[in-house]
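Chains, contacts and geometry: an overview
Listed below are the residues making up each chain.
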Amino acid sequence: MITVKDLHKSFGDLEVLKGINAEVKEQEVVCVIGPSGSGKSTFLRCLNLLEDITSGHVYINGEDLSDPTTDINKLRAEVGMVFQHFNLFPHRTVLENITLAPKKVKGLSASEANDIGIALLKKVGLSEKADDYPDSLSGGQKQRVAIARALAMNPKVMLFDEPTSALDPELVGEVLQVMKDLAQEGMTMIVVTHEMGFAREMGDRVIFMDEGSIQEEGEPNQIFGDPQNERTQAFLSKIL
Amino acid sequence: MLDTILESPYIDSLPFLFDGLKMTVLITFSGLFFGFILGAIVGIARLSKSKFIRSISIVYIEIVRGTPILVQVLFIYYGLTEDLIGISINELTAAIVAITINAAAYIAEIVRGAVYSIEKGQSEAGRSLGLTENDTMRYIIWPQAFKRMIPPLGNQFVISLKDTSLFSVIAVGELLYMGKQYYNVTYEIFETLLMVCILYLLITIPTSLYLRRLERKLDV
Ligand SMILES: Nc1ncnc2c1ncn2[C@@H]1O[C@H](COP(=O)(O)OP(=O)(O)O)[C@@H](O)[C@H]1O
Ligand SMILES: [Mg+2]
């Protein structure tokens, strides 16, 4: 469902992605790990064109992102994204955060959008927060709202960029649980994470990135149990 | 003591000065009203993707901010003669136009600054949901930016209000002009100017206090 071919990304003279090739199948959960600054976020952001692609190709369901005739907004609506710092809309209630895009992008009526929003809030366990403003929520609650907001567009794939890195340790679990439920329902997911437990348990595949390239990829058991690449070994020995 | 004040020149000048104050407030409010419209346009132009439109906006802002408002109002009132532009501009119009043009340049920067101050993650979240650039501005960026404009706009109100005193040079009947007219007859210069100051402060101090509270409340 997602195919990445020789993806390069530069910021000015700085080449951040140096030829990424990857394939993500439907219902697959792919975890991306690697040291800070290795290009994980940039890679993820290229998948919904928050960064434009310097060269190479990204295909989502056969549509080429680098083709100028591709309808970017339509495509973004099908790719959900969850950010490290939540990026909730502070001037809108929790429910309005979720219903804004279905109304404005898909043209749903307020009541249709509200039904979807209420169902999703129930799913992430925050029904009673519908009319609160994001400022009054804990980090874990904010991130669960952000996940619900992305799901409201009924995306075909969800991208997570370190969704638990900004959270107090005791709030990580509730967010990971929502993500696990999602994975079990068959959502296609690409997750940049430092939660090795999650990657091991939920990942169908783990990609290790360093210095703008994929150094190694494989099943979690292999990557964590028997890493082949020196850098993977060095990285894992530091964090495990 | 009270008697001397009550029948003193301080009180006698008041009815006269109040007329001036009304004119000052009228010029300030009208000027800021139009100035906000023009300033929003210039501010949006300043944010435009088109380099040409951005340049026009920058040229406007730099010209206005780089010249004294006193020169601007003289230019509008005496410089733009009927021969030159086909209509004659009276003192009040010239004063309002001057505040409008002047405040717009500063308000444009307020607008730009407020939009820039909204975290990049906000527009990224909007775009990632499939909202168009326009909808992202309209539903996500502007409502938040607008809130951040309120305190600096209040500040601009105080600045523009004080700027109107310069318009006594074109004999528009604002507060300072009325004060001068009054002491030219009575020669009570100290007393009159003191009252003029107090009347300005009567507006500027409460405004500033209110703004400070608002700033805390809006948490901006
Ligand atoms: N907008 C940008 N402009 C310039 N350099 C950037 C930008 N975004 C990221 N970078 C650089 O690209 C490199 C990779 O960043 P990133 O993808 O955020 O890494 P990671 O998510 O793995 O920590 C870093 O060196 C970072 O400084
Ligand atoms: Mg990152």
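Here the structure is shown first, and the text comes after it.
Residues numbered from 1 in each chain as written. Chains lettered and ligands numbered in written order. Predicted model: local features only at pLDDT ≥ 70, side-chain atom pairs only at ≥ 80, totals over all residues. Heavy atoms only, no water.

**Considering the pairing of strand β8 (residues 188-192) of chain A**
All names here are of chain A. Counting buried positions along β8 yields 5 of 5 residues, so the element is predominantly enclosed. Neither face of β8 is left uncovered, since the one carrying T188, I190 and V192 and the one carrying M189 and V191 both have all their residues buried. In this structure, strand β3 (residues 29-33) lies alongside β8, joined through 4 bridges in parallel fashion. Across the sheet, residue V32 finds its bridge partner in β8, namely V192. (Buried < 20%, exposed > 50% of the residue type's maximum accessible area, 1.4 Å probe, protein only. Helix = DSSP H or I, 4+ residues; strand = E, 2+ residues; numbered from the N terminus. Pairing = 2+ DSSP bridges.)

**Details of unusual backbone geometry**
Residue and element names in this part refer to chain A. In this structure, D6 is a non-glycine residue whose phi angle is positive, near 45°. In this structure, D6 sits in strand β1 (residues 2-11). Judged by relative accessible area, D6 falls into the partly exposed class, the value being 41%. Despite not being glycine, L49 shows a phi value in the positive range, around 60°. One can find L49 in the loop between α1 (40-46) and β4 (55-60).

**Let's talk about the nonpolar core**
In terms of nonpolar packing, the biggest core is built from 65 residues, with A:I2, A:V4, A:L7 and A:L47 touching the most fellow members. Here the element with the most residues in this core is helix α9 (residues 133-163) of chain B; it accounts for 9 residues. If near-sequence neighbours (up to four positions away) are discounted, A:L7 is found in contact with A:L17, A:K18, A:G19, A:I20, A:F43, A:C46, A:I53, A:S55, A:G56 and A:V58. If you look at the next biggest cluster of nonpolar residues, it comprises 46 residues, including A:V124, A:V145, A:A150 and A:V178. (Core = buried A, V, L, I, M, F, W, Y, C linked by side-chain atoms within 4.5 Å. Contact = heavy atoms within 4.5 Å.)

**Focus on the layout of surface pockets**
Residues and elements named next belong to chain B. One number sums up the size of the largest pocket: a volume of about 950 Å³. K49, S123, R127, E133 and M137 are, among the 23 residues lining the largest pocket, the residues nearest its centre. Elements supplying a minimum of two residues to the lining of the largest pocket: α7 (91-117), α8 (120-128) and α9. If one sorts the elements of the lining of the largest pocket by residue count, α9 sits on top with 6 residues. (1 Å grid on protein atoms, 1.4 Å probe; cavity = no way out; pocket = protein on both sides within 12 Å on 5 of 7 lines; lining within 4 Å. Points joined across faces, edges and corners; volume = space filled by probe spheres on them.)

**What to know about the interface of chain B and chain A**
Contacts between the two partners involve 17 residues from chain B, matched on the other side by 22 residues from chain A. Both sides of the chain B and chain A interface together cover about 1600 Å² of buried area, and 61% of this is carbon and sulfur. When residues of chain B are sorted by the area they lose upon contact with chain A, B:S128, B:L129 and B:Y139 head the list and together hold 37% of the total. The interface formed by chain B and chain A includes 1 salt bridge. Across the salt bridge formed by A:R45 and B:E124, the nearest N and O atoms sit 2.7 Å from each other. (Buried area = accessible area lost by both parts, 1.4 Å probe. Salt bridge = Lys/Arg side-chain N within 4 Å of Asp/Glu carboxyl O.)

**Quick notes on the sheet that holds β4(A)**
Two strands in a sheet stick together by hydrogen bonds in their backbones, pointing the same way (parallel) or opposite ways (antiparallel). Residues and elements named next belong to chain A. With respect to topology, 4 strands assemble into an open sheet ordered β2-β1-β4-β5, the strand pairing being antiparallel. The open sheet terminates on both sides in strands that have one partner only, identified here as β2 (14-24) and β5 (63-64). Bridge count for β4 against β5 is 2 bridges, and the pairing is antiparallel. By the bridge assignment for β5, I60 is matched with E63.

**Quick look at the site of ligand 1**
All names here are of chain A. Every residue close to ligand 1 is listed here: F11, V16, P35, S36, G37, S38, G39, K40, S41 and T42. The separation between an oxygen atom of ligand 1 and a polar side-chain atom of S41 is 2.7 Å. Within the side chain of T42, a nitrogen or oxygen atom sits 2.5 Å from an oxygen atom of ligand 1. Relative to its free-state accessible area of 560 Å², ligand 1 is covered by the protein chains to the extent of 60%. Ranked by residue count, the leading element in the shell around ligand 1 is α1, at 3 residues. Across the shell around ligand 1, the residue classes tally to 3 nonpolar, 6 polar and 1 charged. (Near = heavy atom within 4 Å. Polar contact = N/O pair within 3.5 Å; in protein donor to acceptor, adjacent residues only side chain to side chain. Areas by Shrake-Rupley, 256 points an atom, 1.4 Å probe, with all protein chains shown as cover. Nonpolar A, V, L, I, M, F, W, Y, C, P; charged D, E, K, R; others polar.)

Purely geometric numbers; function is a separate question.
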